[in-house]
Protein chains: 2
Amino acid sequence: MNVICLDLEGVLVPEIWIAFSNETGIAELKRTTRDEPDYNKLMHYRMDILRGRGLRLSDIQDVISRIRPLDGAREFLDEIRSRYQVIILSDTFSEFASPLMRQLGWPTIFCNSLKIDSCGMLEDIRMRQENGKMKAVEALQGIGMKVFAAGDSYNDLAMIRKADSGCLFRAPENILRENPDLPHCTDYSAFISIIGEAFK
Amino acid sequence: MNVICLDLEGVLVPEIWIAFSNETGIAELKRTTRDEPDYNKLMHYRMDILRGRGLRLSDIQDVISRIRPLDGAREFLDEIRSRYQVIILSDTFSEFASPLMRQLGWPTIFCNSLKIDSCGMLEDIRMRQENGKMKAVEALQGIGMKVFAAGDSYNDLAMIRKADSGCLFRAPENILRENPDLPHCTDYSAFISIIGEAFK
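Below you will find a few notes about this structure. Not measured: the values here are computed from a predicted model.

**What about the interface of chain A and chain B?**
Counting residues at the interface gives 26 residues for chain A and 26 residues for chain B. Both faces combined, the contact of chain A with chain B buries some 2100 Å², and carbon together with sulfur accounts for 63% of it. Together, Met1, Trp106 and Ile143 of chain A form the three largest contributors to the area buried by chain A at its contact with chain B, with a combined 30%. Run the count over chain A and chain B and you get seven residue pairs in polar contact (both at pLDDT 80 or more). Looking at which element gives the most residues to the side of chain A that touches chain B, the answer is helix H6 (residues 132-142) of chain A, with five residues. Here the side of chain A that touches chain B is composed, by residue class, of 13 nonpolar, nine polar and four charged.

**Observations regarding the sheet that holds strand E5 (residues 146-151) of chain B**
Residues and elements named next belong to chain B. Across the sheet, which stays open at both edges, the seven strands sit in the order E4-E3-E2-E1-E5-E6-E7 with mixed pairing between neighbours. What marks the edges here is a single partner per strand, and that holds for strand E4 (122-126) and strand E7 (184-185). Where strand E1 (residues 2-6) meets E5, five bridges bridge the pair, whose relative direction is parallel. Looking at the pairing, Leu6 lines up with Ala150 of E5. Set on the sheet, helix H2 (residues 39-52) makes contact with strand E2 (85-93) and E4; between it and E4 the angle comes to about 160°.

**Comments concerning the relation of the copies chain A and chain B**
Mapping chain A onto chain B is achieved by rotating through 180° and translating by 0.0 Å along the same axis, at an RMSD of 0.0 Å. On the angle and the small slide along the axis, the relation comes out as a two-fold axis. Nearest to the rotation axis, the C-alpha of Ala139 of chain A is located 2.8 Å from it, this being the minimum over chain A. Both copies present the same face, since 100% of the interface residues in chain A are matched by interface residues at the equivalent positions in chain B.

**A word on the side chain of Asp117 of chain A**
All names here are of chain A. Topologically, Asp117 is positioned in the loop between strand E3 (108-116) and strand E4 (122-126). Since its relative accessible area comes to 16%, Asp117 is described here as buried. For Asp117, the side chain forms a polar contact with the side chain of Arg51, separated by 3.2 Å. Every residue in contact with Asp117, bar those within four places of it in the chain, is listed here: Arg51 and Glu123.

Rules used throughout
- Residues numbered from 1 in each chain as written.
- Chains lettered and ligands numbered in written order.
- Predicted model: local features only at pLDDT ≥ 70, side-chain atom pairs only at ≥ 80, totals over all residues.
- Heavy atoms only, no water.
- Contact = heavy atoms within 4.5 Å.
- Buried area = accessible area lost by both parts, 1.4 Å probe.
- Polar contact = N/O pair within 3.5 Å; in protein donor to acceptor, adjacent residues only side chain to side chain.
- Helix = DSSP H or I, 4+ residues; strand = E, 2+ residues; numbered from the N terminus.
- Nonpolar A, V, L, I, M, F, W, Y, C, P; charged D, E, K, R; others polar.
- Pairing = 2+ DSSP bridges.
- Axes fitted to C-alpha atoms, helices over the stretch in contact; angles between N-to-C directions.
- Least-squares fit on C-alpha atoms with pLDDT ≥ 70 in both.
- Buried < 20%, exposed > 50% of the residue type's maximum accessible area, 1.4 Å probe, protein only.

What follows is the structure in structure tokens.
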């Protein structure tokens, strides 16, 4: 049985924090793991900003529900779901992903979650496990699945390497340069061809 | 992160072989694992009948596409997909499930597959692994998921027992009698309450 493990942000939807920053005009939220490699520290920096502005989870979800999936993403997802099984593997939080999953027709997603306080404010992050994307691929292979994995970032490389096959999608220059052996595509129809070839 | 593992036939869609037998009028296809406990033998018996009638996979899929999900199943599935992750664990074959998955909005399903010959006839079955439902639950728990599992048959009991919580749905008398400790429900709104309680 064939399963596709897909990264979310940059592959099906825009980078959530960048889009959120654009929607709200809060420029400090553009800070990413490139500026602060410690993810836990970065998330606490972001949560402090949100708390300082009095933004509750419901306010954040309201903004996220105005973010649209990438052009053609829903059609691409429906097409591959009609041929294979698909699981989205993401480092985002289920509470943020939910308004986007609704627009994508509720695909299955494995990600992290948030701890929300009694006022509805973001209190802490709950990571499902270390290296969660790669371990999910390994678990699927352990129950007899053939896995194709794709993403665009450093945190996708371990899952792509662990999978039976995979590719990069709209990856930045440095990642392409450092991984010349991985197939790369920038549009969904080429993406479907690469997947079809891999599962042939 | 919370995942619901659901049996397919009897929970979201009718028993496929019974419905197929009704649609086609081929009474011999009503034979189930109750009459022939050896699943491999039963499937070869079924494939011989289909071959004898000249029925190709495409003919079978055409009949299956006329089978409708159970009343309220799609709404139930959309409701639980908006709150939790859902994976359908079934002993059916992806080639049979596909027309039903389309009607259910392409939920993720882990099941078995068929070997099709060059004429499009069913040649053999390919089981993903022994005890696949239970092992899928175990694999999900191994990557940090809290699992709720539900089904209606003997082959669901191991996955329900392995899961963190679970229930029976529209199970026959003998299964209910032998498993008095498992919650049981017969409608989707009670089902949603049991799941909500389990993940609280």
